[in-house]
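# A structural walkthrough
If you want the building blocks of each chain, they are given just below.
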Amino acid sequence: FLKQSIVDNREVMDYISQQSPSHTQSFGILGISLGAIKATLTSGIDSRIKCCVLIMGGGSMADVMSYSDEPGEIKRRKKFLEYCSLQEYHDSIKNNVLSDPLIVAPYIDATKTLMYIAQSDSTVPYFCGENLWKAIGKPKVKKPFGNHYTSAIYLPYALYDTTKFFKEKLDD
C-alpha cells in the first residue's frame, strides 16, 4: 500500500501539471503520521516536490512496526509474535519491506524540509522521528510536547507554519 500511495501522489501531480502547466516544477507536500511516511517516500523519489512538511512521521518501517503502541499495530504484531521473537519480526520487516522512509531520506533536501516530532510519541516512536530527521540531514524541526494524539492541539499552528514554509520555499 505504500508503493501505491507514491503512484497515487505522482498521478495527482501529473494531473495538476496537465491542468496548470505553470506549476509543473513547484509542488509542496504535507503529511501527518502515516501520511508523513508516504510524503517522505514521494519526496525522496519525485524531483517535482520542492519542499515538504512531515508531521509525526518516522523510520525505519521495521522500527515503527516493531515498537509502535498503536492498537492496530499491536494486534498485527501479536499475531506474528506467536511464531517468532520480536527481533525476528523486526529483521523480517527490515529485510522485506522496501518502501522505507530511511532509504529515500538522503534524497530529500533538508533545507526545504520542516518536521514536527512529538516529544512523547509512542505511536510513531520518538526515536523513529529522530532517525528520519537525521537521515534527511537534520532539517528544521519543531518538537511539540505531548504524544501522537495530544499533539493535535498544535495542528492549527502547524498548518499556519506549513503555509508560511511553503510560501517561502516555493517562491525561491
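That block above? That's the structure.
Residues numbered from 1 in each chain as written. Predicted model: local features only at pLDDT ≥ 70, side-chain atom pairs only at ≥ 80, totals over all residues. Heavy atoms only, no water.

### Examining the sheet that holds strand β2 (residues 49–55)
The line we're drawing: Only when DSSP finds a minimum of two bridges between them are two strands counted as paired. Numbering of helices and strands runs from the N terminus, with a helix taken as a DSSP run of H or I at least four residues long and a strand as a DSSP run of E at least two residues long. Orientation is described by lines fitted to C-alpha atoms, with helices fitted over the stretch in contact, and by angles between N-to-C directions that extend from 0 to 180 degrees. Pairs of residues are marked as contacts when any of their non-hydrogen atoms sit within 4.5 Å.
Pairing is parallel across the open sheet formed by four strands, whose spatial order is β1-β2-β3-β4. Of all strands in the sheet, those with a lone pairing partner are β1 (27–32) and β4 (140–142), marking the two edges. Put simply, the sheet's adjacent strands are angled 15 degrees from each other on average, direction ignored. In this structure, strand β3 (residues 113–116) lies alongside β4, joined through three bridges in parallel fashion. Bridging from a neighbouring strand, Met115 pairs with Val141 of β4. Against the sheet, helix α7 (residues 126–136) contacts β2, β3 and β4, and its axis sits at roughly 165 degrees relative to β3.

### Remarks on the pattern of salt bridges
How we decide: Whenever Lys or Arg places a side-chain nitrogen within 4 Å of a carboxyl oxygen from Asp or Glu, that contact is recorded as a salt bridge. Only protein chains enter the accessibility calculation, which uses a 1.4 Å probe; a residue is then buried when its area is under 20% of its type maximum, exposed when over 50%, and partly exposed in between.
One pass over the structure, following the stated rule, counts seven salt bridges. The partner of Lys142 in a salt bridge is Asp161, with the nearest N and O atoms 2.8 Å apart. Of the two residues, Lys142 sits in strand β4 while Asp161 sits in helix α8 (residues 155–170), which places them 19 residues apart along the sequence. Here Lys142 matches Asp161 in class, with each residue buried. One salt bridge connects Lys169 with Glu168, and the closest N-O pair in it is separated by 3.4 Å. Here the residues in one salt-bridge network are Arg10, Asp14, Asp46 and Arg48, joined through shared partners.

### Considering the nonpolar core
Within soluble globular proteins, side chains that are nonpolar tend to cluster in buried spots. Our working definition: For our purposes a nonpolar core is just a set of buried Ala, Val, Leu, Ile, Met, Phe, Trp, Tyr and Cys residues, chained together by side-chain atoms within 4.5 Å.
Core analysis: the biggest nonpolar cluster contains 16 residues, and Ile29, Ile49, Cys52, Leu54, Met115, Leu132 and Ile136 have the highest contact counts within it. Breaking this core down by element, the ones donating at least two residues are β1, α2 (34–45), β2 and α7. With residues near it in sequence (within four places) discarded, Ile29 still touches Asn9, Ala39, Thr42, Ser43, Ile49, Cys51, Cys52, Val53 and Phe166. Judged by nonpolar contacts, the second largest core, of ten residues, contains Leu114, Ala118, Ala158 and Phe166.

### Digging into the environment of Ser68
Defined as follows: Pairs of N or O atoms are called polar contacts if they sit within 3.5 Å, as long as, within protein, a hydrogen donor faces a hydrogen acceptor (for residues adjacent in sequence, only side-chain-to-side-chain pairs).
By the secondary structure assignment, Ser68 is in the loop between α3 (61–67) and α4 (71–81). Residue Ser68 is classed as buried on the basis of its relative accessible area, which comes to 3%. C-alpha of Ser68 to C-alpha of Tyr126: the two residues are 58 residues apart in sequence and 9.8 Å apart in space. Among residues more than four places away in sequence, those in contact with Ser68 are Asp63, Glu73, Ile74, Arg77, Ser122, Thr123 and Pro125. Only 3.0 Å separates the side chain of Ser68 from the backbone nitrogen of Glu70, close enough to count as a polar contact.

### Some words on the pairing of β3
With burial as the criterion, each face of β3 is covered, one bearing Thr113 and Met115 and the other bearing Leu114 and Tyr116. For β2 and β3, the ladder comprises four bridges, and the chain directions are parallel. Bridged to Cys52 within β3 is Thr113.

### Observations regarding unusual backbone geometry
One can expect most non-glycine residues to show negative phi and most peptide bonds to be in trans. With an omega of 0 degrees, the peptide bond between Gly59 and Ser60 qualifies as cis. The topology assignment puts Ser60 in the loop between β2 and α3. Even without being glycine, Ser33 reaches a positive phi, approximately 60 degrees. Tracing the sequence through the fold places Ser33 in the loop between β1 and α2. Positioned with a positive phi, Met56 is a non-glycine residue whose angle comes to about 60 degrees. Secondary-structure assignment places Met56 in the loop between β2 and α3.

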